Protein chains: 2
Amino acid sequence: MSSDLTARARIRDAAIELFAERGVDGATIRDIAQQADVSSGLLRHHFGSKEGLRDACDEWALNEVTKLSGRFTEFNTLDGFDTRIALLQRYLIRSTMDGSPAGQAIFDRMLEYGEQWLASTDLKVSDTRAFVAVLAVMKMSMFTMRDLMSRALDGDVTEPKQWGRMLQASLELFSQPLITPEQALQAQTAIDRLTAGKDKS
Amino acid sequence: MSSDLTARARIRDAAIELFAERGVDGATIRDIAQQADVSSGLLRHHFGSKEGLRDACDEWALNEVTKLSGRFTEFNTLDGFDTRIALLQRYLIRSTMDGSPAGQAIFDRMLEYGEQWLASTDLKVSDTRAFVAVLAVMKMSMFTMRDLMSRALDGDVTEPKQWGRMLQASLELFSQPLITPEQALQAQTAIDRLTAGKDKS
DNA sequence: TAATTTACTACACGGTTGTGTAGCCGAAGT
DNA sequence: ACTTCGGCTACACAACCGTGTAGTAAATTA
């Protein structure tokens, strides 16, 4: 597809793709090298080690995403449906779940952004940090559970059609209260009971 | 801790714990055997292969969770904060993300349960399936992103305190609309634009 | 043109993984 | 008492992993 790139860049692209698909541990150096159409030694020559390659991918993805700044975390600007961006998303989300620094950086950025957004609204929230964090992971979940969503919707959510269904659903989900005040009260007492109760270790 | 069990049961328990923690690929047979205090050969003797062990764990976890039926998927009955249940949750969620049949079964159950719940409310939803699916993955996300949440909340979310903060946040999140009708309308047009647009393949 | 660095490959090395094999030991059945 | 059989272990094996080494061809530099 894109073989008019530097070998180094090809390796990076292949690594991002396979890391995103199978995880860092799941993707082998040899597979990455083969996909980039180079020897596995060249990979080592350019990036030193597998972790070096991971770091390079993280850094590149982070920069790339920074260029596109708002488009990543913002909800209503996801309309620019680009395969490249989707791949970046998958890679970074995978990195985030694998606990890599780049992933944590992205998540921290999402938290910060969420807090700014929350401050601009007049929502009643008792624990800002927790609220924003929960909201952030929920936003991400549509991507982390990509395979599950595709199965549930009976179609690849990478395609615009299913993607749209997901966005539509999340929109409706966030624009109306899902539980009634009575149910909320009931849940509240349950939570209070939990919080007050001693932990049985 | 619990060494008065059959060796077979000890192996199963150890496998579930390590599978939940490191994933099926991440946990080695030898580690599981060591944690169960048996030889790695015995594991093979009882379960045939690693996949056999995985299947056995899936089946056991599925049965176990069926016994406790509602407690797993239901929102406001999570107050029975039990370490065993928490472990089961982690294992099944991990299985779900790894694409195992047991995980898919659990997810399907959540979808079915969600559709029943949705029918009992008077929420306005354009795409039932998508709505329920998105809601399901969002509910799960608090557990799948456990490490991330712990970092954001600056404390292990397995502990009742942080757990309570999470539940509280999700409660507040679901009991009020997060975006205003104007914002919803704006997002709606964005989604429509996406859905109508041709995919540039 | 000669020298030195750079891009790149082929191949071997320990270590770990899942799996296979041979055998020990104690209990149950006859 | 002897056999049988399941629980259980020790050990070997092939495959695969990340890594290290040696060497070649091409580009850069002087």
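Conventions used here
Residues numbered from 1 in each chain as written. Chains lettered and ligands numbered in written order. Predicted model: local features only at pLDDT ≥ 70, side-chain atom pairs only at ≥ 80, totals over all residues. Heavy atoms only, no water. Buried < 20%, exposed > 50% of the residue type's maximum accessible area, 1.4 Å probe, protein only. Helix = DSSP H or I, 4+ residues; strand = E, 2+ residues; numbered from the N terminus. Contact = heavy atoms within 4.5 Å. Least-squares fit on C-alpha atoms with pLDDT ≥ 70 in both. Buried area = accessible area lost by both parts, 1.4 Å probe. Salt bridge = Lys/Arg side-chain N within 4 Å of Asp/Glu carboxyl O. Near = heavy atom within 4 Å. Polar contact = N/O pair within 3.5 Å; in protein donor to acceptor, adjacent residues only side chain to side chain. Nonpolar A, V, L, I, M, F, W, Y, C, P; charged D, E, K, R; others polar. Axes fitted to C-alpha atoms, helices over the stretch in contact; angles between N-to-C directions. Parallel < 35°, antiparallel > 145°, perpendicular 65-115°, else oblique. Left-handed = near helix turned anticlockwise from the far one by under 90°. Phe/Tyr/Trp six-rings, centres within 6.5 Å; stacked < 30°, edge-to-face > 60°. Expected span 1.5 Å × (residues − 1).

S.K.: Would you mind going over helix α9 (residues 146-153) of chain A in detail, with residue names and values included?
M.R.: Regarding α9(A), the residues found buried are A:Leu148, A:Met149, A:Ser150, A:Ala152 and A:Leu153. Contact partners of the buried residues in α9(A): α8 (128-144) and α10 (160-174) of chain A together with α6 (83-98), α7 (101-120) and α8 (128-144) of chain B. At the exit of α9(A) stands A:Asp154, carrying a positive phi of roughly 60°.

S.K.: Go over the side chain of A:Arg54 with me, naming the residues and quoting the values.
M.R.: Along the chain, the position of A:Arg54 falls in helix α4 (residues 50-67). Excluding residues that lie within four positions of it along the chain, A:Arg54 makes contacts with A:Phe19, A:Val24, A:Tyr91, A:Ser100 and A:Pro101.

S.K.: I'd love a proper account of the environment of A:Leu42, names of residues and values included.
M.R.: Residues and elements named next belong to chain A. Within the fold, leucine 42 resides in helix α3 (residues 40-47). According to the relative accessible area criterion, leucine 42 is partly exposed, its value standing at 24%. Apart from the residues lying within four places of it in its own chain, the contact partners of leucine 42 are Ala7 and Ile11.

S.K.: Break down the relation of the copies chain A and chain B for me, citing the residues and quoting the values.
M.R.: To go from the first copy of the chain to the second, apply a rotation about an axis and then a shift along the same axis. Here chain A sits on chain B after a turn of 180° about the axis and a move of 0.0 Å along it, with an RMSD of 0.1 Å. The superposition operator between the copies reduces to a two-fold rotation axis. The fraction of interface residues of chain A whose copies in chain B are also interface residues reaches 100%, indicating that both copies meet through the same surface.

S.K.: Lay out the interface of chain A and chain B in plain terms, naming residues and giving numbers.
M.R.: Taken together, the 63 residues of chain A in the interface contact 63 residues of chain B. Of the roughly 6300 Å² buried between chain A and chain B, counting both surfaces, carbon and sulfur atoms make up 69%. Looking only at chain A, the three residues that lose the most surface to chain B are A:Met138, A:Leu178 and A:Leu194, adding up to 11% of its buried area. Linking chain A to chain B there are four salt bridges.

S.K.: Quick rundown of the protein's contact with DNA strand C? Include the residues and the values.
M.R.: Close to DNA strand C lie 15 residues; A:Ser39, B:Thr28, B:Arg30, B:Arg44 and B:Lys50 are nearest. At a separation of 2.8 Å, a phosphate oxygen of DNA strand C approaches a polar side-chain atom of A:Ser39. Interatomic distance of 3.2 Å between a side-chain N/O atom of A:His46 and a phosphate oxygen of DNA strand C. Per element, the largest residue contribution to the surface near DNA strand C is four residues, and it comes from α3(A). Of the residues that constitute the surface near DNA strand C, the class distribution is five nonpolar, six polar and four charged.

S.K.: I'd like a description of the protein's contact with DNA strand D, backed by residues and values.
M.R.: If you check the shell around DNA strand D, you find 15 residues, and the closest are A:Thr28, A:Arg30, A:Arg44, A:Lys50 and B:Ser39. Put simply, 60% of the atoms of DNA strand D that lie within 4 Å of the protein are in sugar or phosphate. Within the contact set of DNA strand D, a phosphate oxygen lies 3.5 Å away from a side-chain nitrogen or oxygen of B:His46. Of all the secondary structure elements, the ones that give two or more residues to the surface near DNA strand D are α2 (29-36) of chain A together with α3 (40-47) of chain B. Here the surface near DNA strand D takes four residues from α3(B), the largest share from any one element. Of the residues assigned to the surface near DNA strand D, the class counts are five nonpolar, six polar and four charged.

S.K.: I'd like a description of the packing of α8(A) against helix α9 (residues 146-153) of chain B, backed by residues and values.
M.R.: The description of two helices packed together rests on the angle between their axes and the distance between the axes. Relative orientation of the contacting elements α8(A) and α9(B) amounts to 155°, with a least axis distance of 10 Å. Considering their axes alone, α8(A) and α9(B) lie roughly antiparallel with respect to each other. The handedness of the crossing between α8(A) and α9(B) is right-handed. For the pair formed by α8(A) and α9(B), the contact residues are A:Arg129, A:Ala130, A:Ala133, A:Val134, A:Val137 and A:Met140 on the first element and B:Leu148, B:Met149, B:Ala152 and B:Leu153 on the second. Split by residue class, the contact of α8(A) with α9(B) holds nine nonpolar, no polar and one charged.

S.K.: Tell me about the packing of aromatic side chains, residues and numbers included.
M.R.: Residues and elements named next belong to chain A. On inspection of all chains with the given rule, the structure shows two aromatic pairs over all chains. Between phenylalanine 143 and tryptophan 163, the ring centres sit 5.6 Å apart and the planes meet at 45°, which makes this aromatic pair tilted. Of this pair, phenylalanine 143 sits in helix α8 while tryptophan 163 sits in helix α10, and the two are 20 residues apart along the sequence. Residues phenylalanine 143 and tryptophan 163 agree in their burial class; the two are buried.

S.K.: Explain α8(A) to me, using residue names and the numbers behind them.
M.R.: Compared with the 24 Å implied by 1.5 Å per residue over 17 residues, the 24 Å span of α8(A) between its first and last C-alpha is a close match. By the criterion of burial, α8(A) is predominantly enclosed, with 14 of the 17 residues buried.

Keep in mind these numbers describe shape, not what the thing actually does.
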